[in-house]
Amino acid sequence: MSKTATIELDGKKYDFPVVVGTENEVAIEIKSLRGDTGGLITLDPGYKNTGSCKSAITFLNGEEGILRYRGYSIEELAEKASFLEVAYLLIFGELPTQDQLDKLYKDIKKESHVDEEMKKILDGFPKSAHPMGVLSSLTSALIAFNPSAVNVDSDEEMYNAIIKLLAKFPVLVAWTLRKKNGQPLDYGDSSLGYVDNILKMMFKKPHENYEVDPVVSSALNKLLILHADHEQNCSTSTVRIVGSSHAGLFASISAGISALWGPLHGGANQAVIEMLEGIKQDGGDTKKYMGKAKDKEDPFRLMGFGHRVYKNFDPRAKIIKKSADDVLNQLGVEDPVLDIAKGLEKEALEDSYFVDRKLYPNVDFYSGIIYRALGIPTEMFTVMFALGRLPGWIAQWREMRLEKEPIGRPRQVYTGENLRDFKDISKR
Ligand code: ACO
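Because the structure is predicted, anything quoted here is derived from the model rather than measured.

## What about the overall build of the protein chain?
Thinking step 1. When you go through the protein chain residue by residue, the secondary structure sums to 18 helices and six strands.
Thinking step 2. The C-alpha atoms of the protein chain give a radius of gyration of 23 Å, which matches the 22 Å a tight globule of 428 residues would have.
Thinking step 3. The buried share of the protein chain, reckoned over its 428 residues, is 47%.
Thinking step 4. In the protein chain, the proportion of contacts linking residues at least 24 apart, taken out of those at least 6 apart, comes to 71%.
Thinking step 5. Charged side chains in the protein chain number 55 positive and 61 negative. The centres of these two groups are separated by 4 Å.

## Some words on the sheet that holds strand S6 (residues 72-73)
Thinking step 1. If you trace the three strands from one edge of the open sheet to the other, you get S4-S5-S6, paired in antiparallel fashion. The open sheet has two free edges, formed respectively by strand S4 (58-61) and S6, since each of these has just one partner strand.
Thinking step 2. Relative to S6, strand S5 (residues 66-69) is paired through two bridges, and the arrangement is antiparallel. Opposite Tyr69, over in S6, you have Tyr72 as the bridge partner.

## Observations concerning empty space enclosed by the protein
Thinking step 1. The final tally for this structure, using the stated rule, is two cavities of 30 Å³ or more.
Thinking step 2. Quantified by volume, the largest cavity comes out at close to 50 Å³.
Thinking step 3. For the lining of the largest cavity, the secondary-structure elements that each account for two or more residues are helix H6 (131-145) and helix H7 (155-180).
Thinking step 4. By residue number, the principal contributor to the lining of the largest cavity is H7, which donates three residues.

## Some remarks on the sheet that holds strand S3 (residues 26-28)
In any sheet, the strands associate via hydrogen bonds between backbone groups, in a parallel or an antiparallel arrangement.
Thinking step 1. Read across the sheet, three strands follow the order S1-S2-S3 without closing on themselves; strand pairing throughout is antiparallel. Looking at which strands have only one partner, the edges of the open sheet turn out to be strand S1 (4-9) and S3. On average, each strand axis in the sheet is tilted by 30° relative to the strand beside it, whichever way the strands run.
Thinking step 2. Note: S1 against strand S2 (residues 12-20), six bridges, orientation antiparallel. Along S2, the bridge assignment pairs Ala5 with Phe16.

## Overview of the pairing of S4
Thinking step 1. By the alternation rule, side chains of S4 split into Thr58 and Leu60 and Phe59 and Asn61, which are all buried.
Thinking step 2. Pairing analysis gives four bridges linking S4 to S5, with the strands arranged antiparallel. What sits directly across from Leu60, in S5, is Leu67.
Thinking step 3. In sequence, S4 turns back onto S5 through a hairpin of four residues, with Gly65 there showing a positive phi of about 65°.

## Notes on helix H12 (residues 268-281)
Thinking step 1. In this model, H12 (14 residues) spans 19 Å end to end at C-alpha, consistent with the 20 Å of a helix rising 1.5 Å per residue.
Thinking step 2. Counting buried residues in H12 gives ten out of 14 residues, a clear majority hidden from the surface.
Thinking step 3. All of the buried residues along H12 are Ala268, Asn269, Gln270, Ala271, Val272, Ile273, Met275, Leu276, Glu277 and Ile279.

## Remarks on the state of the cysteines
Thinking step 1. Throughout the structure, instances matching the rule amount to zero disulfides.
Thinking step 2. Here Cys53 is not disulfide-linked; the sulfur of Cys234 is the nearest cysteine sulfur, at 14 Å.

## So, the domain arrangement of the protein chain
Thinking step 1. Taken domain by domain, the protein chain holds domain 1 (4-51) and domain 2 (74-232 + 390-399).
Thinking step 2. Taking only C-alpha atoms into account, the centre of domain 1 sits 40 Å from that of domain 2.

## As for the nonpolar core
Thinking step 1. Counting residues in each nonpolar core, the largest one holds 117 residues, and the members touching the most others are Tyr69 and Leu302.
Thinking step 2. Of the residues forming this core, the biggest block, 14 residues, is contributed by H7.
Thinking step 3. Not counting residues up to four positions away in its chain, the partners in contact with Tyr69 are Ile57, Thr58, Ile74, Leu77, Val86, Leu89, Leu90, Ile225, Leu226, His227, Ala228 and Asp229.

## Let's talk about the UniProt feature "active site" (unreviewed entry) in the protein chain
Thinking step 1. Sequence positions flagged by UniProt for "active site" (unreviewed entry) are, in local numbering, His307 and Asp364. Judged by maximum C-alpha separation, these annotated positions cover 58 residues in sequence but sit close together in space, the widest gap being only 10.5 Å. Lining the second largest cavity, from the residues named above, are His307.
Thinking step 2. Along the polypeptide, His307 turns up in the loop between helix H13 (286-294) and helix H14 (315-331).
Thinking step 3. Classification of His307 as partly exposed rests on a relative accessible area of 22%.
Thinking step 4. Not counting the four nearest positions on each side in its chain, His307 is found in contact with His230, Asp314, Arg316 and Asn362.
Thinking step 5. Among the structural elements, Asp364 can be located in helix H17 (residues 364-373).
Thinking step 6. Residue classification places Asp364 among the buried positions, given a relative accessible area of 3%.

Thresholds applied
Residues numbered from 1 in each chain as written. Predicted model: local features only at pLDDT ≥ 70, side-chain atom pairs only at ≥ 80, totals over all residues. Heavy atoms only, no water. Helix = DSSP H or I, 4+ residues; strand = E, 2+ residues; numbered from the N terminus. Rg over C-alpha atoms; globule rule 2.2 N^0.38 Å. Buried < 20%, exposed > 50% of the residue type's maximum accessible area, 1.4 Å probe, protein only. Contact = heavy atoms within 4.5 Å. Lys, Arg positive; Asp, Glu negative; His and termini not counted. Charge placed at Lys NZ, Arg CZ, Asp CG, Glu CD. Pairing = 2+ DSSP bridges. 1 Å grid on protein atoms, 1.4 Å probe; cavity = no way out; pocket = protein on both sides within 12 Å on 5 of 7 lines; lining within 4 Å. Points joined across faces, edges and corners; volume = space filled by probe spheres on them. Axes fitted to C-alpha atoms, helices over the stretch in contact; angles between N-to-C directions. Expected span 1.5 Å × (residues − 1). Disulfide = S-S within 2.5 Å. Domains from an automatic or database assignment. Core = buried A, V, L, I, M, F, W, Y, C linked by side-chain atoms within 4.5 Å. UniProt positions renumbered as here; feature names shortened; annotations may be inferred.

This is the structure we're talking about:
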């Protein structure tokens, strides 16, 4: 028998259905709350207790440190899959057959040209512009050159919009880096796989051949998979809510990039390295910074620590920590900030402030150390995160459109002035 939950207010009782997910997550469905009660709403700043949708894409259990895409564990996918396979899985629901994967990549390659006029837009930015701002702007600018990707009323139109973005976004990422490095803007090499092509587009120097290093390629593949989706986080919720107004895919993703930029979200990977560098330059005294992080009068936070959902450990952080060791060893890179990071982690995990608040390293605590070893500049870290998250954002946007979700429009509890008379400026 289906369960109900009862709210009692002013002596009246109201019943609401209880929804149970496939992993037994339980939610009280309050769709009819306002109608039934004559205006009652729920109040939940930061949406800590609010489910915004039903979704069949990613399952996450923060208490047990579980993350699965479409039912497959993140550990297995990071070990065995290619990023493009994971993109297909997230967006279309199943792992692709070889034929399906080949077709996907063939379609992507056909769309990988970015209009030359876009280069003028990029040229307008100063070299000092933050790459996330540049990427968000360029993604939005793509709309002007691909207007057919805006209204996606048929399956075919939706598929084409998705392919265009999977194809053109890596070019924009590479151009953002090349502009920063003062290098000519280039297109890819369609004889290479999706990830190898990204590397070549980013790093090929004008007068040299570029050989993809398999260690670098495999590390990037893994990092992109680990970042590919994370259910209803800040940027994904942004993508869904912008898309819910039927703004097109590119506009929704551009908004998601802006949301990801913040240091409390994807920007944390840049903030972590800057913090570790700062600690190193300040003599490497990790205890001092632990003290700052615990001091409520001090705005300093241990970047890369804590997570809204993971309250035990972040499974991605475990994979990345091991990967950081492996990649640095294989590439023969010695990075002193890795030791500082390990020292900070050890101290935090033994400190009651962090233990009591269930604060553990998150995905971004070690990712920057790997990006750095791969030769990616610090300001590009969050761009790399966006590249990884792209398939997740697309999958969530597609699901939202296919489920015909209503426009996102939360309510509020008004706490301002009551009605008052207008005062002429001379009397204020
Ligand atoms: N350093 C020190 N104290 C912290 C930290 C931290 N990194 N994170 C949380 N706390 C403390 C808070 O001060 C608070 O303490 P209190 O209960 O005494 O007031 C308690 O832990 C709970 O923190 P909240 O901010 O309420 O937790 P919330 O779920 O809202 O925030 C967040 C999660 C934003 C990730 C937070 O932990 C944080 O700012 N971390 C650092 C930034 C970061 O690494 N972000 C990346 C997240 S992963 C991602 O987006 C990809």
